Amino acid sequence: MEYTQLGRTGLKVSRLVLGTMNFGPQTDEADSHAIMDAALDAGINFFDTANVYGWGENKGRTESIIGNWFAKGGGRREKTVIATKVYGNMDPDGATVWPNHDKLSALNIRRAVDASLKRLRTDYIDLYQFHHIDRDTPFEEIWQAIDVLVRQGKILYVGSSNFPGYKIAQANEAAARRAGTIGLVSEQCLYNLAERRAEMEVIPAARDYGLGVIPWSPLHGGLLGGIIKKEVQGGRRASGRAADTLKDPAARARIQAYEDLLDKHGLEPGEVALAWLLTRPGVTGPIVGPRTAGQLESALRAVELELSEDLLTGLDEIFPGPGPSPEAFAW
C-alpha cells in the first residue's frame, strides 16, 4: 500500500479509503468485520463513514458496526484513521425533523459528535467532516464549536464533503481569522472519469487551500466497472445513477468505447477507474465501498496499476474534462 499526507497535515493515510456505507444495509456485521480486517491487513488505514449510514430506521448502524470491530482490540483502533460525518437528521426517514437535530449549529455538532463517539466506541475521531453546507449557520459559529471539540480531544482534524469551491474558501478564510484554528484539511466530493465537474472549481480551491481531495463514487455507481460487459454476460444489471446514464445513447456509446479501450489493453475497467483517480493532482485517495472481500481485492490492484500515456490520452478522449478554470467557462 502507498501512503500520502492528508492535505497540508502531517497525517499519513493510505491511497485507498475504505468506504463503509454498505456495512449494515447490504453487508452484515460479520462480513463487514472481515472486510475491515482484510483492508487493514492490506495496509488500508483510512476508513470513512457517516453518522447517518445505516439509513432508514437504522441510522447510526454503520458506526456501531465499526465500533464493535474496534472493540475487538488487536490494535484495530490505533491503526485506523477514522473519518465520520455530521449534518443529516438522525431520526428515522419520514419523521418530523425536530429543531436543532440536524445541520451544523453548535448545538447539533456537540450532540452529534458525542453520539458518534459512543457508537464508534472510541474517545476521539481523527477526521470529522461536514456532510453538506449549512446555509443558515455562519462559519464563525461552526469553528467555535469545532475549537471546543479539538481542545476536549474529541476530534483532531476537520474536513468537508460536497462543498462548492466558494464554500471551501469561505470556511478557510473564516478559520484563518481565528487563532489556532487550522480549518478544513480535506474535501470529499463526487469525482470520477465520467463526472469531472469538480475540476472546474472544487479541486482548484482545495489545492489552493491545502485540502486533500477524497473522491466518492469513483466508479460512478458501477458505470465505470464494466457494466455493459456484465449485462451482456448476464451479470449484475445497472441501477441508480448508472442505469439513468445508460438510457442516453451517447452516454452508453462512451461507456462502450471505454470498455473497448480497456479490453484492448487487457485491463479491468473498475481497476483503471480507480488508478486514473490516483494520477489526478490533489487527490489523496478514492473511497472504495466493497460489499464483498472480492471487491476489495480488485480495488487493491488499482494501487499497483501503471497507466501508460497512451491509455491516459485515450481516456481523456472518451471522457474529456472541462479544461482549466476559468477559461473553461469564461471564454
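Owing to the predicted nature of the structure, the values given are computational and were not obtained by experimental measurement.

**Student:** Now, about the packing of aromatic side chains: what can you tell me, with residues and values included?
**Tutor:** Summed over the entire model, instances satisfying the criterion amount to 7 aromatic pairs. Their ring planes at 65 degrees and their centres at 6.1 Å tell us that Phe130 and Trp143 sit as a pair that is edge-to-face. Here Phe130, found in strand S6 (residues 125–130), pairs with Trp143, found in helix H5 (residues 139–152); they are 13 residues apart in sequence, far enough to count as distant. The class of Trp143 is buried, set by a relative accessible area of 1%. Among the aromatic residues, those joined into a ring-pair cluster are Phe47, Trp69 and Phe70. The ring of Tyr124 is capped by Arg77, whose NZ or CZ atom sits 4.1 Å from the centre of that ring.

**Student:** Account for the pairing of strand S7 (residues 155–161), with residues named and values stated.
**Tutor:** Among the 7 residues of S7, 6 are classified as buried, and the element is accordingly described as predominantly covered. Examined bridge by bridge, S6 and S7 share 5 bridges and lie parallel to one another. Among the inter-strand pairings, Ile125 is bridged to a residue of S7, identified as Ile155. Where the polypeptide runs from S6 across H5 and back to S7, its parallel neighbour, the crossover connection is right-handed. Relative to strand S8 (residues 184–190), S7 runs parallel, the two being bridged by 3 bridges. Counted as the bridge partner of Ser160 is Glu187 from S8. A crossover connection joins S7 to the parallel S8 through helix H6 (residues 165–176); in handedness this β-α-β unit is right-handed.

**Student:** Any chance you could break down the sheet that holds strand S9 (residues 212–216) for me, citing the residues and the numbers?
**Tutor:** Pairing in this open sheet of 8 strands is parallel, and the strands run S9-S8-S7-S6-S5-S4-S3-S10 from one edge to the other. Across the chains shown, the open sheet's two edge strands, defined by having one partner strand only, are S9 and strand S10 (287–288). Direction of pairing for strand S5 (residues 81–86) relative to S6: parallel, over a ladder of 4 bridges. Its bridge partner being in S6, Ala83 is matched across the sheet by Leu127.

**Student:** Just give me the short version of the environment of Arg280, but keep the residues and values in it.
**Tutor:** When you line up the elements, Arg280 lands in the loop between helix H11 (269–278) and S10. With 142 residues separating them along the chain, Arg280 and Pro138 place their C-alpha atoms 32 Å apart. Non-local contacts of Arg280, meaning those with residues more than four positions away in its chain, are made with Tyr191, Arg196 and Glu199.

**Student:** Describe the pattern of salt bridges, and please don't skip the residues or the numbers.
**Tutor:** The full count for this structure, using the stated rule, is 17 salt bridges. Two residues, Asp48 and Lys85, come together in a salt bridge whose shortest N-O distance is 2.8 Å. With Asp48 in strand S4 (residues 46–48) and Lys85 in strand S5, this pair connects stretches of sequence that are 37 residues apart. An identical accessibility class is assigned to Asp48 and Lys85; each is buried. For Asp114, the salt bridge is made with Lys154, and the minimal N-O distance between the two is 2.8 Å. Within this pair, whereas Asp114 is found in helix H4 (residues 106–120), its partner Lys154 is found in the loop between H5 and S7, the two being separated by 40 residues in sequence. Residue classification places Asp114 among the partly exposed positions, given a relative accessible area of 33%. Bridged by salt links that share partners, the residues Arg196, Glu199, Arg280 and Asp316 form one connected network.

Procedures and definitions
Residues numbered from 1 in each chain as written. Predicted model: local features only at pLDDT ≥ 70, side-chain atom pairs only at ≥ 80, totals over all residues. Heavy atoms only, no water. Phe/Tyr/Trp six-rings, centres within 6.5 Å; stacked < 30°, edge-to-face > 60°. Helix = DSSP H or I, 4+ residues; strand = E, 2+ residues; numbered from the N terminus. Buried < 20%, exposed > 50% of the residue type's maximum accessible area, 1.4 Å probe, protein only. Lys NZ or Arg CZ within 6 Å of the ring centre and 35° of its normal. Pairing = 2+ DSSP bridges. Right-handed = clockwise from strand over helix to strand, strands pointing away. Contact = heavy atoms within 4.5 Å. Salt bridge = Lys/Arg side-chain N within 4 Å of Asp/Glu carboxyl O.

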